[in-house]
Amino acid sequence: MQDFSQSFLSALWLILSGDGDLWAIVILSLQVSLGAVVIAAAIGMPLGAWLAVSRPPGRRAIITVLNALMGLPPVVVGLALYLLLSRAGPLGPLELLYTPTAMIAAQAVLVTPIIAALSRSALEGLWDEYAEQLTSLGQSRLGAIPTLIRDGRAALITAALAGFGRAIAEVGAVLIVGGNINHATRVMTTTIALETSKGNLDLALALGSVLILIALLVNVAVSIVGRDGASPSGPSASGTGPQMAGAR
Amino acid sequence: MNAAVRHEALTPGGEAFRARLRVRGLRKSAGGVLRISIDELGLAPGGVTMVLGANGAGKSLLLRLLHGLVLPDEGTIAAPPGVQSMVFQRPVLLRRSVFANLDFALKIAGIGRAERHRSVRELLSRHGFGDRAGQPARSLSGGEQQRLAMIRALSVSPAILFLDEPSASLDPAATSSIEALIRSAARQGTKVVMVTHDPGQARRLGDEVLLLHRGRIAEQGPAAEFFAGPVSGAGRAYLDGSLYLDP
Ligand SMILES: Nc1ncnc2c1ncn2[C@@H]1O[C@H](COP(=O)(O)OP(=O)(O)OP(=O)(O)O)[C@@H](O)[C@H]1O
Ligand SMILES: [Mg+2]
């Protein structure tokens, strides 16, 4: 008990004193996860919008697969990327293994299906509402995609936040492709795992607190966006907020 | 159910040479039932054509077919050249400001930014929305939304304007402001094809009447003649309030 409160106090001190190591880890985490979300949004949102407005063959199957991929286990993504990036793998010559770039790629793979699936369901509701009017005004199906993305932006921001929540909280993928190298590829989750196992609870607790704070902020942001974007008849992505617990 | 198609004597506003909207052999099924079946139809080239008929007669579906939103199973629709617009039974305003709703329509119509902004501002102030340009369109009252949808449809100076019960659920003042918009559009040469359940409105605005019964044309002719004495059984039943879909 004595040890515990001692650890809490030192954790607090680490945070408040602006400890260099701690903040370097936090900043790398944010960079990696934000980078991943930007890439995932660039792919997932147009993909979701396209699935919302068009009727390609196999559309149902694509949607089912996307929904299933939302629950992709991070360690499996990490493993797959490891095989691609390792020296003997097809992308080995790029020498990306154990770099932040590899970590961004892994989280992007993890988050793209989440953003695509959430965007699809939100924009499909909006398309149901808009389709006839937009067609009547002379807009084509594909031409409608930017319109839907613009008018459905609240739901899309929610989808991106959900993706970010998943990315920042996962351990498995970044651990495998990043390698948890000190001062190079250590992020909050991997450091917490390592330091806890070493018995260094101060740093683990400090990082854990920061992670919870970020999770809290993301959820606050989701609810603010949801409220602003809520419209009387419109679809909303409520109930799809980020779930950081269980994002293993 | 014989279609009693009368002579076409309508040339309001000297629009005699304007091409007609013509339909041949039009069939459309939905839900396994034949909902529209029209062998031959030509609408008067100008003025206001009123589409009348009981609930479920196929009026909205006919408008969607004519406007090209729904593809027919069979048949051809030949429309005069020019832009068409439509105001739906439940108007759809974009989740944007009042200003942006009009701006959007003009943008799709290919009008440049500066000219667009000028005409949107002009339209809004002319129709009394000037002080609400920045307000979300969905926050307007139902009647105001209906009027804005109408102004948006008219903003592109359509050759044909389809209106599906544009003043349903509006109060008398709002109704008469919608009717004024319709009159002025028709005067400026827009062909109006309009569904209404209000015989008074059909009398006030209509140059021509098209009575639809179970997806078929029961009667077509000049409005004045229709209201003076319909020639079809369905027409008489419609006017005395006993026309229902079920036999
Ligand atoms: N896509 C569709 N699928 C199945 N049934 C349809 C479809 N579209 C229209 N119908 C049916 O066609 C019939 C005509 O519908 P429509 O909306 O044209 O009627 P309406 O004359 O406009 O009636 P109201 O006066 O109530 O607006 C209705 O029975 C409707 O259920
Ligand atoms: Mg209708």
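Residues numbered from 1 in each chain as written. Chains lettered and ligands numbered in written order. Predicted model: local features only at pLDDT ≥ 70, side-chain atom pairs only at ≥ 80, totals over all residues. Heavy atoms only, no water.

**Q** Give a description of the coordination of the magnesium ion (ligand 2) that names residues and reports values.
**A** Residue and element names in this part refer to chain B. For the magnesium ion (ligand 2), the full set of protein donor atoms is Ser 60 (OG) and Gln 89 (OE1), at a range of 1.9 to 2.4 Å. One end of the pair, Ser 60, is in helix H1 (residues 59-67); the other, Gln 89, is in the loop between strand S6 (84-87) and helix H2 (98-108), and 29 residues separate them in sequence. Classification of Ser 60 by relative accessible area gives buried; the value is 18%. Residue Gln 89 is classed as partly exposed on the basis of its relative accessible area of 41%. (Donors = N, O, S within 2.8 Å, 3.2 Å for Na, K, Ca; no water. Helix = DSSP H or I, 4+ residues; strand = E, 2+ residues; numbered from the N terminus. Buried < 20%, exposed > 50% of the residue type's maximum accessible area, 1.4 Å probe, protein only.)

**Q** An account of the side chain of Gln 145 of chain B is needed here, citing residue identities and associated values.
**A** Residues and elements named next belong to chain B. Within the fold, Gln 145 resides in helix H4 (residues 142-155). The class for Gln 145 is buried, based on a relative accessible area of 17%. Once residues lying within four places of it in the same chain are set aside, the contact partners of Gln 145 are Leu 93, Ala 137, Arg 138 and Leu 140. (Contact = heavy atoms within 4.5 Å.)

**Q** Quick rundown of the UniProt feature "domain: ABC transporter" (unreviewed entry) in chain B? Include the residues and the values.
**A** Per the UniProt record, the feature "domain: ABC transporter" (unreviewed entry) sits at residues 21-239 of chain B. Overall, residues 21-239 of chain B shows 38% helix and 26% strand. The separation of its end C-alpha atoms is 26 Å. (UniProt positions renumbered as here; feature names shortened; annotations may be inferred.)

**Q** Any chance you could break down the confidence of the model for chain A for me, citing the residues and the numbers?
**A** Chain-level pLDDT for chain A is 88 on average; 91% of the residues reach the 70-or-more range. Note that pLDDT drops below 50 for residues 230-248 of chain A; the model gives that stretch 35 contacts with residues more than four away or on any other chain. (pLDDT = per-residue confidence, 0-100.)

**Q** I'd like a rundown of the packing of aromatic side chains, residues and numbers included.
**A** Residue and element names in this part refer to chain B. Within this structure, the stated rule accounts for one aromatic pair over all chains. The interplanar angle of 85° and the centroid separation of 5.2 Å between the aromatic rings of Phe 226 and Phe 227 together place this pair among those described as edge-to-face. Residue Phe 226 is classed as buried on the basis of its relative accessible area, which comes to 1%. (Phe/Tyr/Trp six-rings, centres within 6.5 Å; stacked < 30°, edge-to-face > 60°.)

**Q** Residues and numbers for the site of ligand 1, please.
**A** Residue and element names in this part refer to chain B. The local shell around ligand 1 holds 14 residues, among which Gly 56, Lys 59, Ser 60, Leu 61 and His 197 are the closest. Ser 60 has a polar side-chain atom sitting 2.7 Å from an oxygen atom of ligand 1. Contacts to ligand 1 include His 197, whose side-chain N or O atom sits 2.8 Å from an oxygen atom. Protein chains bury 62% of the 630 Å² of accessible surface belonging to ligand 1 in isolation. The greatest single-element share of the shell around ligand 1, amounting to three residues, is contributed by H1. Here the shell around ligand 1 is composed, by residue class, of four nonpolar, seven polar and three charged. (Near = heavy atom within 4 Å. Polar contact = N/O pair within 3.5 Å; in protein donor to acceptor, adjacent residues only side chain to side chain. Areas by Shrake-Rupley, 256 points an atom, 1.4 Å probe, with all protein chains shown as cover. Nonpolar A, V, L, I, M, F, W, Y, C, P; charged D, E, K, R; others polar.)

**Q** Got a sec to walk through the interface of chain B and chain A? Specific residues and values, please.
**A** At the junction of the two partners, chain B supplies 17 residues and chain A supplies 18 residues. Glu 129 of chain A serves as the salt-bridge partner of Arg 95 of chain B, at 3.1 Å between the closest nitrogen and oxygen. Inspection of the chain B/chain A interface yields seven residue pairs in polar contact (both at pLDDT 80 or more). Residue assignment for the side of chain B that touches chain A shows that the elements contributing at least two residues are H1, S6 and H2 of chain B. (Salt bridge = Lys/Arg side-chain N within 4 Å of Asp/Glu carboxyl O.)

**Q** Give me the lowdown on a nonpolar patch on the surface, citing residues and values where you can.
**A** Together, Trp 50, Ile 62 and Leu 142 of chain A make up an exposed nonpolar region whose accessible area comes to about 270 Å². Here Ile 62 of chain A shows up in helix H3 (residues 59-69). (Patch = residues over 30% accessible without salt bridge, like charges linked within 9 Å, V, L, I, M, F, W, Y side chains within 5 Å.)

**Q** Can you tell me about the pairing of strand S2 (residues 22-30) of chain B, naming the residues and giving the values?
**A** All names here are of chain B. Sheet analysis places S2 next to strand S3 (residues 33-42), joined by eight bridges and oriented antiparallel. Its bridge partner being in S3, Lys 28 is matched across the sheet by Ile 36. Once S2 ends, the chain turns through two residues before running back antiparallel as S3, passing Gly 31 with a positive phi of about 60°. Taken together, the four bridges between S2 and strand S5 (residues 74-78) define a ladder with antiparallel strand orientation. Note that in S5 the partner of Val 23 across the bridge is Ile 77. (Pairing = 2+ DSSP bridges.)

**Q** Please give an account of the pairing of strand S4 (residues 48-52) of chain B that cites residues and values.
**A** Residue and element names in this part refer to chain B. Burial analysis of S4 places five of its five residues in the buried class, which makes it a mostly covered element. Residues of S4 alternate between two faces, with Val 48, Met 50 and Leu 52 on one and Thr 49 and Val 51 on the opposite face, all of them buried. Where S4 meets strand S8 (residues 191-195), four bridges bridge the pair, whose relative direction is parallel. Bridging from a neighbouring strand, Val 48 pairs with Val 192 of S8. Inspection of the sheet shows S4 paired to strand S9 (residues 208-213) by four bridges, in the parallel sense. Along S9, the bridge assignment pairs Val 51 with Leu 210.

**Q** How would you explain the sheet that holds S5 of chain B if you had to name every residue and give the values?
**A** Residues and elements named next belong to chain B. Strand order in the open sheet formed by three strands is S3-S2-S5, with antiparallel pairing between adjacent strands. Two strands in the sheet have a free side with no partner beyond their single neighbour: S3 and S5. Between one strand and the next, the sheet's axes are offset by a mean angle of 25°, whatever the strand orientation. (Axes fitted to C-alpha atoms, helices over the stretch in contact; angles between N-to-C directions.)

**Q** Give a detailed account of the pattern of salt bridges, specifying residues and quantitative values.
**A** Across all of its chains, the model carries 17 salt bridges over all chains by this definition. Across the salt bridge formed by Arg 64 of chain B and Glu 132 of chain A, the nearest N and O atoms sit 2.5 Å from each other. Within this pair, whereas Arg 64 of chain B is found in helix H1, its partner Glu 132 of chain A is found in helix H5 (residues 100-136), the two belonging to separate chains. On the basis of relative accessibility, which here comes to 28%, the residue Glu 132 of chain A falls in the partly exposed class. Note that Asp 39 of chain B and Arg 27 of chain B form a salt bridge whose closest N and O atoms lie 2.7 Å from each other. Of the two residues, Asp 39 of chain B is situated in strand S3 and Arg 27 of chain B in strand S2; the sequence distance between them amounts to twelve residues. The network of salt bridges with shared partners includes Arg 59, Arg 120 and Glu 124 of chain A.

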